[in-house]
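Structural characterization, general
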Amino acid sequence: MTSHQFLPGRTRRTAVAAVATVTAFGLLTACGYGSDSKDKAAAPAASSSGAAKLSADTVKIGYFANLTHGTPLVGLKEGLFQKELGSTQIKTQIFNAGPAEIEALNAGSIDIGWIGPSPAINGFTKSNGEALKIISGSASGGVRLVVNPDKIKSVDDLKGKKIATPQIGNTQDVALLSFLAGKGWKVDPNSGAGDVSVVRSDNKVTPDAYKSGSIDGAWVPEPTASKLVTLGAKELLNEKSLWPDKKFVITNIIVSQKFLKEHPDVVEAVLRGSVNTNAFIKANPAKAKESANAAIKEAAGNALEAAVLDPAWADIDFIDDPLAATLQTEADNAVTAGLLKKPTLTGIYDLTLLNKVLKEKSQAAVADAGLGTK
């Protein structure tokens, strides 16, 4: 995942200078991997003929060109979303970071998006619960702490070392800071200075930082973790091991509340496409992996090499369940890390349409952990 260290509406330089003064809410951001370009719109996909017409002529979908967003990568590439949307055209926009995607959702530039938990929390709380709803899960896992084995052989060896995360306040940054706090180590959440030096590093440059020795390891999502392993790093910890049932949300689906209210049939069709895509991924893992990599190449210009792609893809679970309880835990971890004031997340989920789709397929309903629409 690539990550840009900036805040919505600011240049990177301005944002970095302002880190010490932004509020805790402004620190929760996201990370993306793949596209080197700015946000861009793809041409509408060809529409199916003969299908029932839905209430919107077009649906605008946002996502990242990275493996943890494998559902839109595969589903769009294989035409599984378009099949459900019929004559409703799909317009896509690729993002490198969560704040830009939230801005686009708020501005109406996209209607539905795949995004990480931290920016979803941030977008919901900053809008006083009016901007978005989480309507489905999409992926779990795909995050590892990998380190230089010559310098770090156990968790105790982390003290005094430099460990990279993608971006201040992003999902992996929160996880690392919370983990270190649990060990009794002190780290300033803004500067990253402390018993362990937390270095915020764009994932595109993290491999070079590792090769140069300027960092000793990284708590990063796939495929960055696997890329570092090809450079000699070793896995010290898989974040799955820290969660019940080894599951935690890494990617959700969000929708603007306005679009959900006006076009629930379109939202339902997108969710049906997502559920079908996740089933396709499970039934055809090799084909799905190939499709996702082809989509990344189209978006970013370069496909992932097999030594990176294969282990990275294997570490990600594509699921419909949003794992709502883990979202609350991630928010609590951000509070513990000093990056967020205690948020009110009640109402962040609306799983009504997802559970309707799952019921049609004779699958069990998923829960909102008490954070659903009342």
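Above: the structure in question.
This report concerns the structure included in the present document. (Residues numbered from 1 in each chain as written. Predicted model: local features only at pLDDT ≥ 70, side-chain atom pairs only at ≥ 80, totals over all residues. Heavy atoms only, no water.)

The next point concerns helix 10 (residues 264–283). Along its 20 residues, helix 10 runs 28 Å from first to last C-alpha, staying within 8% of the 28 Å computed at 1.5 Å per residue. Of all 20 residues in helix 10, 14 are buried, a share of seventy percent or more. (Helix = DSSP H or I, 4+ residues; strand = E, 2+ residues; numbered from the N terminus. Expected span 1.5 Å × (residues − 1). Buried < 20%, exposed > 50% of the residue type's maximum accessible area, 1.4 Å probe, protein only.)

A few words now on the sheet that holds strand 8 (residues 197–200). Taken together, the five strands give an open sheet; going across it, the order is 8-7-9-6-10, and neighbouring strands pair in mixed fashion. Either end of the sheet is taken by a strand with one partner, and the two such strands are strand 8 and strand 10 (234–238). In this sheet, neighbouring strand axes are inclined to one another by 25° on average, regardless of whether the strands run parallel or antiparallel. Bridge analysis of strand 7 (residues 162–165) against strand 8 gives four bridges, and the strand direction is parallel. (Pairing = 2+ DSSP bridges. Axes fitted to C-alpha atoms, helices over the stretch in contact; angles between N-to-C directions.)

This next bit is on the packing of helix 10 against helix 11 (residues 285–300). Interaxial distance between helix 10 and helix 11 falls to 5 Å at its minimum, and their mutual angle equals 115°. For the pair helix 10 and helix 11, the contacting residues are Phe-280, Ile-281, Lys-282 and Ala-283 in the first and Pro-285, Lys-287 and Ala-288 in the second. Among the residues making up the contact of helix 10 with helix 11, the classes are represented as five nonpolar, no polar and two charged. (Contact = heavy atoms within 4.5 Å. Nonpolar A, V, L, I, M, F, W, Y, C, P; charged D, E, K, R; others polar.)

This brings us to the pattern of salt bridges. Evaluated as defined, the whole model comprises 17 salt bridges. A salt bridge links Glu-305 to Lys-227; the shortest N-O distance between them is 3.5 Å. With Glu-305 in the loop between helix 11 and helix 12 (306–314) and Lys-227 in helix 8 (residues 224–230), this pair connects stretches of sequence that are 78 residues apart. Between Asp-332 and Lys-342 there is a salt bridge; the shortest N-O distance is 2.8 Å. Here the residue Asp-332 occupies a position in helix 13 (residues 324–336), and Lys-342 occupies one in the loop between helix 13 and helix 14 (352–360), the gap between them amounting to ten residues. Residue classification places Asp-332 among the partly exposed residues on the basis of a relative accessible area of 27%. Through salt bridges with shared partners, a single ionic network connects Glu-268, Arg-272, Lys-356 and Glu-360. (Salt bridge = Lys/Arg side-chain N within 4 Å of Asp/Glu carboxyl O.)

Keep in mind these numbers describe shape, not what the thing actually does.
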